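Tertiary structure, described
The lines below spell out each chain.
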Amino acid sequence: MKSLLTSLFIILYAEANPNVFNIGGVLSTNDSKLYFKDTIAHLNFDSQYVPKGITYYDTAILMDPNPIKTALNVCRYLISSRVYAVVVSHPLTGDLSPAAVSYTSGFYHIPVIGISSRDSAFSDKNIHVSFLRTVPPYSHQADVWVELLKYFNYKKVIFIHSSDTDGRAILGRFQTTSQILEDDVEIKIQVESVIEFEAGLESFENQLQDMKNAQARVYLLYAGKRDAQVIFRDAANMNMTDAGYAWITTEQALSAENVPEGILGLKLVNATNEKAHIRDSIYILASALRDMNINKTIQITEAPKDCDNSGSIWETGKELFQFIRKQVLLNGETGKLAFDDQGDRINAEYNVVNIQRKKKSVAEVIVGQHFFNRTLSKMMLGVDEKKIIWPGRQTVKPEGFMIPTHLTVLTIEEKPFVYVRKLNEGETCSPEEIFCPHFNATRELDAKYCCRGYCMDLLKELSRKINFTFSLALSPDGQFGHYIIKNHSGLGKKEWTGLIGELVTEKADMIVAPLTINPERAEFIEFSKPFKYQGITILEKKPSRSSTLVSFLQPFSNTLWILVMVSVHVVALVLYLLDRFSPFGRFKLANTDGTEEDALNLSSAIWFAWGVLLNSGIGEGTPRSFSARVLGMVWAGFAMIIVASYTANLAAFLVLERPKTKLTGINDARLRNTMENLTCATVKGSSVDMYFRRQVELSNMYRTMEANNYDTAEQAINDVKTGKLMAFIWDSSRLEFEAAQDCELVTAGELFGRSGYGIGLQKGSPWADEVTLAILDFHESGFMESLDNRWIFQGNIQLCEQFEKTPNTLGLKNMAGVFILVAAGIVGGIGLIVIEMAYKKHQIKKQKRMELARHAADKWRGTVEKRKSLRMSTATQRRIKSNGVNDTATISLVVDKYARYGPERAWPGDSDIRHRRIEDLGALQLGPRYFPVDVSHLVV
């Protein structure tokens, strides 16, 4: 059915597209030329590739040793025959190259399919614009190398290559493929060093010596036959082809005459089967022309006729090149045939060969194959390890690396994990300390330091357990390290600083410090299992409650104080009224000393109410009525409850209460929406800084705190203590240690961003597994717990907890208000006594004036009465005379009696005079009863 449709399309477009296609060939032998002709002849009878009405013809020539003649022959015999494509091959030996054919045909965009050339230069489409090939370039062997390393679990290698195009191409291919492998699986292949050499070696000993000093013992070699012989010769002289080493080479190096036993190499399957490649190239070309004929949008024009017409470009040739590149031949003679974007063959199959010496001959024994699995539709590697003989005639795979026994270890000052002490002149480190100068320091070169702490004890125990020696040094810049993007030739490249940078550049072997495990660092270095699990938390200073002068008033609210004050005076007033109006409270009571007790007045009632409230003695002025005393008892109960409540609350406020943290944790709204007066920070480039960069929900907070970040944690902690920084975000282990050391500091909220501290090692370090196993053993044995107790807790947590539960000692700061209140009372009392004295003086002056006035009044009254007496005496005398009384003695006696006893007794027996006393003397008001009256003038 498909063949019928194809024929129908061809008939419909027969007038537009050619029905005759000529295929050219530049071949290496006449045998290949004859096979080329026969293959095209058989192709015309294959309806799957050649629809009805289409005919293919062949035009083939032999390759000339002279490239110029080859180019001329292409013009004379192939282009003049209007070939649509050219199949080219060259002898596997010799210097012949299809470059001349590629240049000539490519100028007119005539597709060229190479069947034997494997040079990487043909992948450059700027030069070989229309070149494709059914064989892969040499650089594609790097793909199989990566699979072999993955299979044998080799993680660190040394790459040796020539400085030509193929050598650099295979290095680039290896780096790209190994990076893709790292993204897919956990195995990461590290190139410890790359050794590039110029072709035409005379000696390779210096490079081999450097290789011998490195850790890696797996060597990847790309070299030509002659250079490979020099490398193998010098390596054998240095015993680097013996047991413990592994060599993996390309096809060219396997052809060296002195290739050592045990080397692994690759051989391309069907590499020398030129006829198979001729057939596959012809059929994939016919498949492309068939698809072009079916495509309605493409107009196929005739191929160029001669090389003299250089002004026109054959557009059909460009389109044909793209159609050939997209073709896939599943069942080709050489396997699955497909092309990449550069026109190079992909999915090529290789044999893995092992060099073995049998008797006196050297044999290439196939021990594996890299092949296309049709079921899984991908390339697979199969290796039979039992057949492999390794260098030194070993049957067991080499480890692939040499474990160094002396390591360069870096650390950094971070309490309590690492304490650093500067040595004085002539001083040495104590037994528990380790000498630790700055690593590659450019300043203070003569300064010497000693280190101790949690990590130093861990390092000493590690070295003892897994048997290595070390040289310890401090971080050169005092930082853990962060990566920065540097622009090299327009390409952004991550470079690390600090401890991580020294490890990445392989200047150090190990980092023993509180190094947080995070994804950014794990991309470049290798971590052991965590030796301490921790997270991120916030450190702040405990808010101290300010003690004011009225701190003693805090137990009661303002309203309650006002109500107590009002109650005192209301109760006093009611007591006074009850006692005043009660029938049993108005009478004076006789005391035992004969005096009388005064009645309860308002002042005494107020004094009584205050005395009961303040629990002071009441000496006088107590209520006497039953109703007032009932109220007094109720008031006493009220006072007892108020005083007890005040005492209890005062203890809670001034003695037992401890201030709590101001922040609730990382989700505190004041941190998420940072205010200007709330400053928080971390350390620049630290793992905490990286954590905030990763968290999108913390982006606003990070932008605010980024400007406040510190260079070291020590500076930030000091600023928290002094109050310059309100919140420091850092590793929980360090902050909990600081909070245990200083009870004025506190960690806020729960842990977040949980991670762990790990030992940092180089990628592919042979010590990684042993360090991890040792740390796991330390956890099980309790060694890590002992380090925690010794260096982190140090018993200070219990001290702070005891401090939290111990009452505060009250000082003048807390109770100053009470003393000021007493002082105010004293000053008030002095003021009142002054007022009283002034008032008393005023009263005395007023009393003196009153006495003077009274004396003057009395004197005036006496004068007035004297005059009245005189007038009365005169009137009396006149009445006596009128009555006939002439006895002077009798008159004197009468006057004397009058003066002494008054008119009632002056005249005894004389009722007339006695009864007229009122009438005659009614207007006269006598003074005192014994008022002296001068009556001398009345004596006759």
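The present account deals with the structure reproduced in this document.

About the thresholds
- Residues numbered from 1 in each chain as written.
- Predicted model: local features only at pLDDT ≥ 70, side-chain atom pairs only at ≥ 80, totals over all residues.
- Heavy atoms only, no water.
- Pairing = 2+ DSSP bridges.
- Helix = DSSP H or I, 4+ residues; strand = E, 2+ residues; numbered from the N terminus.
- Phe/Tyr/Trp six-rings, centres within 6.5 Å; stacked < 30°, edge-to-face > 60°.
- Buried < 20%, exposed > 50% of the residue type's maximum accessible area, 1.4 Å probe, protein only.
- Lys NZ or Arg CZ within 6 Å of the ring centre and 35° of its normal.
- Salt bridge = Lys/Arg side-chain N within 4 Å of Asp/Glu carboxyl O.
- Contact = heavy atoms within 4.5 Å.
- Patch = residues over 30% accessible without salt bridge, like charges linked within 9 Å, V, L, I, M, F, W, Y side chains within 5 Å.
- Areas by Shrake-Rupley, 256 points an atom, 1.4 Å probe, with all protein chains shown as cover.
- Axes fitted to C-alpha atoms, helices over the stretch in contact; angles between N-to-C directions.
- Core = buried A, V, L, I, M, F, W, Y, C linked by side-chain atoms within 4.5 Å.
- Disulfide = S-S within 2.5 Å.
- Expected span 1.5 Å × (residues − 1).
- Parallel < 35°, antiparallel > 145°, perpendicular 65-115°, else oblique.
- Left-handed = near helix turned anticlockwise from the far one by under 90°.
- Nonpolar A, V, L, I, M, F, W, Y, C, P; charged D, E, K, R; others polar.

1. Observations regarding the sheet that holds strand β11 (residues 329–332)
With antiparallel pairing, three strands are arranged side by side in an open sheet as β11-β12-β13. The sheet is open, and its two edges are formed by β11 and β13 (345–346), each paired on a single side. By the bridge criterion, two bridges tie β11 to strand β12 (residues 335–339) in an arrangement that is antiparallel. Note that in β12 the partner of Gly332 across the bridge is Gly335.

2. Here's the deal with the packing of aromatic side chains
Evaluation of the coordinates by the stated rule reveals 29 aromatic pairs. Their ring planes at 35° and their centres at 6.0 Å tell us that Tyr219 and Tyr245 sit as a pair that is tilted. Of this pair, Tyr219 sits in strand β8 (residues 218–222) while Tyr245 is found in the loop between α8 (225–237) and β9 (246–249), placing the two residues 26 residues apart along the sequence. An identical accessibility class is assigned to Tyr219 and Tyr245; each is buried. Seen in terms of ring centroids, Trp496 and Phe524 are 5.6 Å apart; in terms of plane orientation they differ by 65°. Their pairing is edge-to-face. Within this pair, whereas Trp496 is found in strand β23 (residues 491–496), its partner Phe524 is found in the loop between α14 (519–522) and β25 (526–527), the two being separated by 28 residues in sequence. Residue classification places Trp496 among the buried residues on the basis of a relative accessible area of 10%. Connected via pairs of aromatic rings, a cluster forms that spans Phe21, Tyr56, Tyr84 and Trp314. The ring of Tyr283 carries the charged tip of Arg279 above its face, separated from the ring centre by 4.3 Å.

3. Considerations on the pairing of strand β6 (residues 156–162)
With seven of seven residues buried, β6 lies mostly within the body of the structure. The side-chain alternation of β6 yields two buried faces, one formed by Lys156, Ile158, Ile160 and Ser162 and the other by Val157, Phe159 and His161. In this structure, β6 lies alongside strand β7 (residues 190–197), joined through seven bridges in parallel fashion. Bridge pairing in β7 places Ile160 opposite Ile195. Inspection of the sheet shows β6 paired to β8 by four bridges, in the parallel sense. Along β8, the bridge assignment pairs Phe159 with Leu220.

4. Side note on the pattern of salt bridges
Counted by the stated rule, this structure contains 31 salt bridges. Measuring nitrogen to oxygen at the nearest pair gives 3.4 Å for the salt bridge that ties Lys275 to Asp31. A residue pair is termed long-range when its members are at least 10 positions apart, and Lys275 in helix α10 (residues 274–294) and Asp31 in helix α2 (residues 30–43) qualify at 244 residues. For Lys275, a relative accessible area of 34% gives the class partly exposed. Overall, the relative accessible area of 44% leaves Asp31 in the partly exposed class. Between Asp58 and Lys37 there is a salt bridge, with the nearest N and O atoms lying 3.8 Å from each other. Of this pair, Asp58 sits in strand β2 (residues 55–62) while Lys37 sits in helix α2, and the two are 21 residues apart along the sequence. The exposure class assigned to Asp58 is partly exposed, which follows from its relative accessible area of 24%. Judged by relative accessible area, which is 44%, Lys37 ranks as partly exposed. By sharing partners, the salt bridges in this structure join Glu414, Lys415, Glu714, Lys721, Arg734 and Glu738 into a single network.

5. Here's the deal with the environment of Phe468
Secondary-structure assignment places Phe468 in the loop between α12 (454–466) and β21 (469–474). Separated by 64 residues in sequence, Phe468 and Pro404 have C-alpha atoms that sit 8.1 Å apart. Other than its neighbours up to four places away in sequence, Phe468 contacts Thr405, Leu407, Leu459, Leu462, Ser463, Met510 and Trp767.

6. Here we look at a nonpolar patch on the surface
A cluster of nonpolar side chains, Ile562, Val566, Val570, Val574 and Leu578, forms an exposed patch at the surface whose accessible area comes to about 380 Å². You can see Leu578 is positioned in helix α15 (residues 558–581).

7. Observations concerning the pairing of strand β30 (residues 727–731)
With five of its five residues buried, β30 lies for the most part within the structure. Examined bridge by bridge, strand β26 (residues 532–541) and β30 share four bridges and lie antiparallel to one another. In the sheet register, Ile538 faces β30, and the bridge partner there is Ile729. One ladder, built from two bridges, connects strand β29 (residues 680–681) with β30; its direction is parallel. Of the residues in β30, the one forming a bridge with Ala681 is Phe728.

8. Some remarks on the sheet that holds strand β10 (residues 264–268)
The strand order across the open sheet formed by eight strands is β7-β6-β8-β9-β10-β14-β15-β16, and the pairing between neighbours is mixed. Pairing within the sheet leaves two strands with one partner each, and these edge strands are β7 and β16 (378–383). Averaged over all neighbouring strand pairs, the angle between strand axes comes to 25°, with direction disregarded. Summarising the sheet, strand β14 (residues 350–358) and strand β15 (residues 361–373) pair through nine bridges and their orientation is antiparallel. Residue pairing for β15: Gln356 is matched across the bridge by Ala363. Together, β6, β8, β9, β10, β14, β15 and β16 form the strand contacts of helix α5 (residues 141–152), whose direction differs from that of β16 by roughly 55°.

9. Concerning the nonpolar core
Membership of the largest hydrophobic core comes to 54 residues, with the highest contact counts inside it found for Val26, Phe36 and Tyr56. Contact partners of Phe36, with chain neighbours within four places excluded, come to Ile23, Gly24, Gly25, Leu27, Asp58, Thr59, Ala60, Val87, Ile278 and Ile282. Of all hydrophobic cores here, the second largest spans 47 residues; its members include Ala508, Leu678, Ala681 and Ala748.

10. A short note on the side chain of Ser105
The residue Ser105 is located in helix α4 (residues 99–107) in this model. For Ser105, the contacting residues outside a window of four places in its chain are Val74, Val86, Ile110, Val112 and Ser130.

11. A word on the state of the cysteines
Here the structure, examined in full by the defined rule, presents three disulfides. Disulfide pairing places Cys75 opposite Cys307 at an S-S distance of 2.0 Å. Looking along the S-S bond of the Cys75-Cys307 disulfide, the torsion reads about -100°, which is the left-handed sense. Placement of the pair is Cys75 in helix α3 (residues 67–78) and Cys307 in the loop between α10 and α11 (315–326), with a sequence separation of 232 residues. Across a sulfur-sulfur distance of 1.7 Å, Cys429 and Cys450 are joined as a disulfide pair. Every disulfide takes its handedness from the sign of the S-S torsion; for Cys429 and Cys450 that torsion is -85°, giving left-handed. A residue pair is termed long-range when its members are at least 10 positions apart, and Cys429 in the loop between β18 (419–422) and β19 (434–435) and Cys450 in strand β20 (residues 449–452) qualify at 21 residues. For Cys429, a relative accessible area of 24% puts it in the partly exposed group. Judged by relative accessible area, Cys450 falls into the buried class, the value being 0%.

12. Examining α11
The end-to-end C-alpha distance of α11 is 17 Å, a good match for the 16 Å that 12 residues give at a rise of 1.5 Å each. Listed as buried for α11 are Thr316, Gly317, Leu320, Phe321, Phe323, Ile324 and Arg325.

13. Looking at the packing of α12 against helix α24 (residues 783–793)
Helices that pack against each other are described as a pair by the angle of their axes relative to one another and the distance between those axes. Packing of α12 against α24 leaves a shortest axis separation of 9 Å and a crossing angle of 150°. By the angle between their axes, α12 is roughly antiparallel relative to α24. Judged by the sense of rotation from one axis to the other, the crossing of α12 with α24 is right-handed. Contacts from Tyr454, Asp457, Leu458 and Glu461 of α12 reach α24 at Phe783, Met784, Leu787, Asp788, Arg790, Trp791 and Ile792. Looking at the contact of α12 with α24 residue by residue, the classes come out as seven nonpolar, no polar and four charged.

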